[in-house]
Amino acid sequence: MKKLFFLILLPFVFQAKPLRVGIAGMTHGHVGQVYTALKKPQKDVIIVGFAEPNKELGLSLLRKQNLPDSLWFPSLEALIAKTKPEAIAAFNSIYEHLEVVKVCAPKGIHVIVEKPLAVNMDHLNQMKALVAKHPIHLLTNFETTWYPSHAKMWQLVKEEKALGTIRKVVIMDGHRGPKEIDCAPEFLNWLTDPVLNGGGALIDFGCYGANIMTWLMDGRKPLAVTAVTQQLKPDVYPKVDDEASIILTYPDCQAIIQASWNWPFDRKDTEVYGTKGILVADKTNKMRYVSGDRFGKEGMLSLNPLPHDVSNVFPYLAAVVQGRIKPQKDLSSFAINQVVVEILEAARESAKTGKKVQLQH
């Protein structure tokens, strides 16, 4: 009886404690993910506080969510000193990601930032040096990482080889534009700033395609990057591009990334073309498959929910920090997202010069 009682208790005895997570910044529109996590009954994380230098904004957002003022802190240093978080999730501008890593890495605090990882190669190189000196997990959160369609795509393409050899990937991401979809002023202010965001649609939505393609290529860099950007709405976005197309050239395939603030509706679609068939993945719970015979027989694949630890950003963060997941070359990993930043930097240069940019290997 004692043995049976012990076995019943075992899962509860060894269940991991919720991860203590602090929030750096509240200006990113994706900060809503934090409020959702706070309201979930299953607690993978405990949100210990929000570091937002704009006190009026910070308190206003907390009160809208019926959260106590005591969760607000004027700085990341103050939040860390008071609450002792194990990890920090950054919801500020891309430019500010480096400062978050500078504060956290020497203290051994893990970091996850909203996409993309860094605003430019200079910031990335500083991050690399910090992570090398202070071995923390430095992760990047993309909405598309948590789509069941991408997990199924990996299974079919990489494990089952159902598509044969990949020849082309077309990735379409974007919406009508951040102003058109009523992004909050504090988000819009830096999202449309060429310094704080690093660009417009090229960065905002080009990063998704660069992330997915680098993941499919097992972290390999493309040989070259070619990009074209436009300002189709200069009266709305006078400082940054609102339309971008990026071509990534590999020895045996290519990717076309279409990033836009001009789609008539929201898009996050990935099309993978192989020698044996086609897959079309999006955010829905079904995925289109077209066989590779001459006439292309089409069917729909039903998708299973993702396992809990990889179903969303906060369960994933907890699983990584607590050692249940090793993020070597997954969509959120530092290895993959270093290459994403390099691709985006090359795309900016290509769009500026009108020339193909060769990447160093």
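The shown structure was predicted, so the numbers you read here are calculated from the model rather than taken from an experiment.

### Re the overall build of the chain
Reasoning step 1: Tallying secondary structure elements over the chain gives 12 helices and 15 strands in all.
Reasoning step 2: Against the 2.2 N^0.38 benchmark of 21 Å for 361 residues, the chain shows a C-alpha radius of gyration of 21 Å, consistent with a compact globule.
Reasoning step 3: Relative to its 361 residues, the chain shows a buried fraction of 52%.
Reasoning step 4: Put simply, the chain shows about 17,000 Å² of open surface, and 56% of that area lies on carbon and sulfur atoms.
Reasoning step 5: Side-chain charges in the chain split into 43 positive and 36 negative, and the spacing between the mean points of these groups amounts to 6 Å.

### Points about empty space enclosed by the protein
Reasoning step 1: What the rule picks out here adds up to three cavities of 30 Å³ or more.
Reasoning step 2: Lining the largest cavity, in full, are Pro116, Ala118, Val119, Asn120, Asn197, Ile203, Val341, Leu344, Glu345 and Arg348.
Reasoning step 3: Per element, the largest residue contribution to the lining of the largest cavity is four residues, and it comes from helix H12 (residues 334-353).

### Description of the confidence of the model for the chain
Reasoning step 1: When pLDDT is averaged along the chain, the result is 93, and 95% of the positions lie at 70 or above.
Reasoning step 2: A low-confidence stretch, residues 1-14 (pLDDT under 50), is modelled with zero contacts involving residues beyond four sequence positions or located in other chains.

### Side note on the layout of surface pockets
Reasoning step 1: Its boundaries defined by the atoms lining it, the largest pocket holds a volume of some 350 Å³.
Reasoning step 2: As for the largest pocket, its lining consists of 16 residues, and the residues nearest its centre are Ala151, Trp215, Val310, Asp330 and Leu331.
Reasoning step 3: For the lining of the largest pocket, the class distribution of residues is nine nonpolar, four polar and three charged.
Reasoning step 4: Size it by volume and the second largest pocket reaches roughly 270 Å³.
Reasoning step 5: Considering the residues around the second largest pocket, the lining is formed by 15 residues, among which Gly25, Ala51, Pro53, Asn92 and Glu96 are closest to the centre.
Reasoning step 6: Counting only elements with at least two residues in the lining of the second largest pocket, the list comes to helix H4 (76-83) and helix H5 (97-104).
Reasoning step 7: Among the elements that take part in the lining of the second largest pocket, H5 stands out by supplying three residues, more than any other.

### What to know about the nonpolar core
Reasoning step 1: Judged by nonpolar contacts, the single largest core of 53 residues is most densely connected at Met153, Val169, Met213, Val225, Ile246, Leu248 and Val272.
Reasoning step 2: In terms of residue count, helix H10 (residues 206-216) provides more of this core than any other element does, seven residues in total.
Reasoning step 3: Aside from chain neighbours lying at most four places away, what touches valine 225 is Ile246, Ile247, Leu248, Ile343, Ala346, Ala347, Ser350, Lys355, Lys356, Val357 and Leu359.
Reasoning step 4: Ranked by size, the runner-up nonpolar core spans 33 residues in total, among them Ile112, Leu139, Ala319 and Val321.

### Describing the pattern of salt bridges
Side chains that carry opposite charge are capable of pairing whenever their charged atoms lie near each other.
Reasoning step 1: Overall, the coordinates contain 12 salt bridges when judged by the stated rule.
Reasoning step 2: The salt bridge involving glutamate 143 is made with lysine 283; its shortest N-O contact spans 3.5 Å. Of this pair, glutamate 143 sits in the loop between strand S6 (138-141) and helix H7 (148-159) while lysine 283 is found in the loop between strand S12 (277-281) and strand S13 (286-291), placing the two residues 140 residues apart along the sequence.
Reasoning step 3: The class of glutamate 143 is partly exposed, set by a relative accessible area of 30%.
Reasoning step 4: Note on lysine 283: relative accessible area 45%, which makes it partly exposed.
Reasoning step 5: Each of Glu143, Lys268 and Lys283 takes part in a single network of salt bridges with overlapping partners.

### Things to note about H7
Reasoning step 1: A rise of 1.5 Å per residue sets the reference length of H7, with its 12 residues, at 16 Å; its end C-alpha atoms lie 16 Å apart and thus fit the reference within 8%.
Reasoning step 2: All of the buried residues along H7 are Pro148, Ser149, His150, Met153, Leu156, Val157 and Lys158.
Reasoning step 3: The secondary structure elements touched by the buried residues of H7 are strand S7 (166-174), H10, strand S11 (267-274), S12, S13 and strand S14 (298-302).
Reasoning step 4: Positive backbone phi, at 55°, marks lysine 161, one or two positions downstream of H7.

### Examining the sheet that holds S6
Reasoning step 1: Spatial strand order, S3-S2-S1-S4-S5-S6: six strands in an open sheet with parallel pairing. Looking along the sheet, the strands with just one partner apiece sit at the ends: strand S3 (72-73) and S6.
Reasoning step 2: Pairing of strand S2 (residues 45-51) with S3 involves two bridges; the strand directions are parallel. The residue bridging phenylalanine 50 from the neighbouring strand is tryptophan 72, located in S3.

Rules and cut-offs
Residues numbered from 1 in each chain as written. Predicted model: local features only at pLDDT ≥ 70, side-chain atom pairs only at ≥ 80, totals over all residues. Heavy atoms only, no water. Helix = DSSP H or I, 4+ residues; strand = E, 2+ residues; numbered from the N terminus. Rg over C-alpha atoms; globule rule 2.2 N^0.38 Å. Buried < 20%, exposed > 50% of the residue type's maximum accessible area, 1.4 Å probe, protein only. Areas by Shrake-Rupley, 256 points an atom, 1.4 Å probe, with all protein chains shown as cover. Lys, Arg positive; Asp, Glu negative; His and termini not counted. Charge placed at Lys NZ, Arg CZ, Asp CG, Glu CD. 1 Å grid on protein atoms, 1.4 Å probe; cavity = no way out; pocket = protein on both sides within 12 Å on 5 of 7 lines; lining within 4 Å. Points joined across faces, edges and corners; volume = space filled by probe spheres on them. pLDDT = per-residue confidence, 0-100. Contact = heavy atoms within 4.5 Å. Nonpolar A, V, L, I, M, F, W, Y, C, P; charged D, E, K, R; others polar. Core = buried A, V, L, I, M, F, W, Y, C linked by side-chain atoms within 4.5 Å. Salt bridge = Lys/Arg side-chain N within 4 Å of Asp/Glu carboxyl O. Expected span 1.5 Å × (residues − 1). Pairing = 2+ DSSP bridges.

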